[in-house]
Amino acid sequence: MSVKGEQAKAFFKEGYNCSQSVALAFCDEVGIDKTKLLRMVSSFGGGMGRMREVCGAVSGMFFVAGALYGYDDPKDMQAKKEHYARIQELAAQFRAENGSIVCRELLGLEGKDSSPEPSARTAEYYKKRPCPEMIGIAASLMEAYIKEHPSDA
């Protein structure tokens, strides 16, 4: 596990959601105030507001990729294409290691869980959830990508 992967796992164990944990590990790199960053990605935890859709760790990884490499000109089709290819590459790497990028599939849940009630972070919670590992993997993949593709952001 990489340095950023370990940092992200530690943030999750402090109580941050999966997306916040990954994004927070890259707070210095993206240059966004910690409080603002945490609020910006807070909606993505639990697979988008605990709906168990796209894994929050993956969403956090995508957020960091957008902050560092994203495009800002809506007419720049080449930049869009390159960024979407980057996101698809990161998703494919995560999927190759974990079998999916969908929260409910990673958790082995049937159907969606639309309850807004967050789970209590108990020792039992951490025993049965693969979330810390998924978070560590997402942050490690992002860290490796950054090393291979230095950003000018």
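Residues numbered from 1 in each chain as written. Predicted model: local features only at pLDDT ≥ 70, side-chain atom pairs only at ≥ 80, totals over all residues. Heavy atoms only, no water.

What exactly am I supposed to notice about the pattern of salt bridges here?
Working definition: two side chains of opposite charge can pair if their charged atoms are close together. Summed over all chains, the structure comprises four salt bridges. Close ionic contact of E29 with K4 constitutes a salt bridge, the shortest N to O distance being 2.8 Å. One end of the pair, E29, is in helix 3 (residues 27–30); the other, K4, is in helix 1 (residues 3–14), with 25 residues separating them in the sequence. A relative accessible area of 34% places E29 in the partly exposed class. Under the relative-accessibility criterion, K4 is labelled buried at 14%. (Salt bridge = Lys/Arg side-chain N within 4 Å of Asp/Glu carboxyl O. Helix = DSSP H or I, 4+ residues; strand = E, 2+ residues; numbered from the N terminus. Buried < 20%, exposed > 50% of the residue type's maximum accessible area, 1.4 Å probe, protein only.)

Can you help me understand the layout of surface pockets in this one?
Gaps left between atoms show up when a probe the size of a water molecule is rolled over them. Volume-wise, the largest pocket comes out at about 340 Å³. Along the wall of the largest pocket there are 23 residues; nearest its centre are C18, G45, G46, R52 and Y125. Among the secondary structure elements, those contributing two or more residues to the lining of the largest pocket are helix 7 (103–107) and helix 9 (131–148). Among the elements that line the lining of the largest pocket, the one with the most residues is helix 7, at three residues. Grouping the constituent residues of the lining of the largest pocket by class yields eleven nonpolar, eight polar and four charged. (1 Å grid on protein atoms, 1.4 Å probe; cavity = no way out; pocket = protein on both sides within 12 Å on 5 of 7 lines; lining within 4 Å. Points joined across faces, edges and corners; volume = space filled by probe spheres on them. Nonpolar A, V, L, I, M, F, W, Y, C, P; charged D, E, K, R; others polar.)

Please clarify how the packing of helix 6 (residues 77–98) against helix 9 should be interpreted in this entry.
Any two packed helices are characterised by how steeply their axes cross, that is the angle between the axes, and by the distance between the axes. Remark: helix 6 packs on helix 9, axes separated minimally by 10 Å, with the N-to-C direction vectors making an angle of 140°. Overall, the two elements helix 6 and helix 9 adopt an arrangement that is oblique. When the axes of helix 6 and helix 9 are compared, the crossing they make is right-handed. On the side of helix 6, the interface is formed by R86, E89, L90, Q93, F94, E97 and N98, while helix 9 contributes M134, I137, A138, L141, M142 and Y145. Residue composition of the contact of helix 6 with helix 9, by class: eight nonpolar, two polar and three charged. (Axes fitted to C-alpha atoms, helices over the stretch in contact; angles between N-to-C directions. Parallel < 35°, antiparallel > 145°, perpendicular 65-115°, else oblique. Left-handed = near helix turned anticlockwise from the far one by under 90°. Contact = heavy atoms within 4.5 Å.)

What exactly am I supposed to notice about the environment of I135 here?
Assignment of secondary structure puts I135 in helix 9. Along the backbone, I135 and F11 are 124 residues apart, and their C-alpha atoms lie at a distance of 9.6 Å. Apart from residues no more than four positions distant in its own chain, I135 is found in contact with A8, K9, F12, C18, S21, V22 and A57.

What's the story with the packing of helix 2 (residues 18–25) against helix 4 (residues 34–41) in this structure? I'm lost.
At a minimum axis distance of 9 Å, the contact between helix 2 and helix 4 shows a crossing angle of 145°. For the element pair helix 2 and helix 4, the recorded crossing hand is right-handed. Along the contact surface, helix 2 presents S19, Q20, A23 and L24, while helix 4 presents K34, L37, L38 and V41. Among the residues making up the contact of helix 2 with helix 4, the classes are represented as five nonpolar, two polar and one charged.

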